[in-house]
Structure formats: C-alpha cells, structure tokens
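So you can see what is in the structure, the chains are spelled out below.
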Amino acid sequence: MLLITISLHAVSASLFLIPILLAINAAYTRNVPATLRYYVFSLYICIVYDLVGPPNITYMNWDPAVNWVPLLSMVGDLRSTALNILMFIPLGAGLPLICNKYRSFSKTVFFGFSFSAAIELSQLFTLRATDVNDLITNTLGAVIGYLLAKPFCTKVKTIKPMRPIVLIIISCLVMFFAEPFVFSLLYSLIFR
C-alpha cells in the first residue's frame, strides 16, 4: 500500500513538475539531459516531502514534539536510522550531478544538513516529531551519497546549471499547494 501511495504522489507531483520544468528548459536551460536530471531530482524531493510529512495547504497543525538528545534512540531504532540514511543518499548523489558548485564535499554536506533542518523544523506544524537524530542520519546519508557520486561527477557536464534550491522550492510549492488536491482525486478514483 505504501508503494501505491508513493506512486500516486509521484504521478500527482509530475503533473505539475513536467510542465514547469519544460517551461524552464525552453526559457533557460535549453538542455534536455540537464532538464531530465532536474526532473528526477525534483521528483525525488517531492517523494521525500511525502515521506517526511511536512504540512500542506490541506493540513497544518502546530504540535511541537522535539527530541534534542542526540543518539538516544538511534541504536534502539535501527530501522528508522537506516531509512533516514537511505532517504538522503540520493540528495548527496544528486547535488553534484546537477550543479558544479556542489562538487565540493563541504557544500554538499552543508546543503544536506540545511535541507534536513528545514524538514525537521517544518514538522513542528504536523503530528510528526522533530528529532536531532534525524538531522544526524539525514546528513550522514547526504555524505554517503556524495561519496558514491563523486567518481561520476567529471563525466557529467552541467551547462547553465539550475540551483538545487530553486528545484527544492518549486517541488515544495507543488507539494504544499497543488499536489494534495490531485492526489486526493486520484486516490478516490482508485480506491472507491
């Protein structure tokens, strides 16, 4: 059921991402392989958005639950720890492949840390817990992703690179404002 739900979110998000990125390609990038990488990266961000459960226009609730004690539950919940690491490996691998600036280890790690911190802060507005351990494991995932992608970076040319923050903003705006309505429609059509 989780894979079906994630797939529906991916289809719903794609209905908005594809036209937006095609317009960006026509006006700015003019590079189909780069635009395809931007689409894959943006879709990945949308899936992460769905999995971590930040608020959207149909649901927002101030419910702060915060764990500030590092490493406390990491060992006890190895499954969650491993999933958080795995979830951020594509971020660390994708950043240097879409923008030369992130071929620097420190910039990629800082971006992974900052993106994870933004997710954790947004969870203050949901029923999810904000957890310092997630920040640590997500950043570790970005580090692993960077190390895995590093050998391939010189083989990928980035012409007029799009800043990853722009792709994240586009993806988050789609997931916050538009995607929940399309997802609800698709879900009701499939699971009546």
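A. Looking closely at the overall build of the protein. Secondary structure summary: the protein contains six helices and two strands in total. Beginning at the N terminus, the succession of helices and strands in the protein can be written as α-α-β-α-α-β-α-α. Overall size of the protein, expressed as C-alpha extent along the three principal axes, is 45 × 45 × 25 Å. Buried positions account for 47% of the 192 residues belonging to the protein. Within the protein, contacts between residues separated by at least 24 positions form 84% of all contacts whose residues are at least 6 apart in sequence. As displayed, the protein has an accessible area near 10,300 Å², and 75% of this comes from carbon and sulfur atoms. Put simply, the protein has 13 plus and 7 minus side-chain charges, and the middle of one group is 24 Å from the middle of the other.

B. Representation of helix α5 (residues 132-149) within the structure. Taking 1.5 Å as the rise per residue, α5 with 18 residues should run 26 Å; its terminal C-alpha atoms sit 26 Å apart, in good agreement. N-capping of α5 is provided by Asp131, with a side-chain oxygen placed 2.9 Å from the backbone N of Asn133.

C. Layout of the packing of aromatic side chains. All chains considered together, the criterion is met by seven aromatic pairs. With a centroid separation of 5.2 Å and 75° between ring planes, the pair formed by Tyr102 and Phe111 is classed as edge-to-face. In this structure, Tyr102 and Phe111 share a single accessibility class: buried. Seen in terms of ring centroids, Phe176 and Phe177 are 4.8 Å apart; in terms of plane orientation they differ by 75°. Their pairing is edge-to-face. With a relative accessible area of 18%, Phe176 lands in the buried category. Cluster of aromatic residues (ring-pair linked, three or more members): Phe183, Tyr187 and Phe191.

Procedures and definitions
Residues numbered from 1 in each chain as written. Predicted model: local features only at pLDDT ≥ 70, side-chain atom pairs only at ≥ 80, totals over all residues. Heavy atoms only, no water. Helix = DSSP H or I, 4+ residues; strand = E, 2+ residues; numbered from the N terminus. Buried < 20%, exposed > 50% of the residue type's maximum accessible area, 1.4 Å probe, protein only. Contact = heavy atoms within 4.5 Å. Areas by Shrake-Rupley, 256 points an atom, 1.4 Å probe, with all protein chains shown as cover. Lys, Arg positive; Asp, Glu negative; His and termini not counted. Charge placed at Lys NZ, Arg CZ, Asp CG, Glu CD. Expected span 1.5 Å × (residues − 1). Polar contact = N/O pair within 3.5 Å; in protein donor to acceptor, adjacent residues only side chain to side chain. Phe/Tyr/Trp six-rings, centres within 6.5 Å; stacked < 30°, edge-to-face > 60°.

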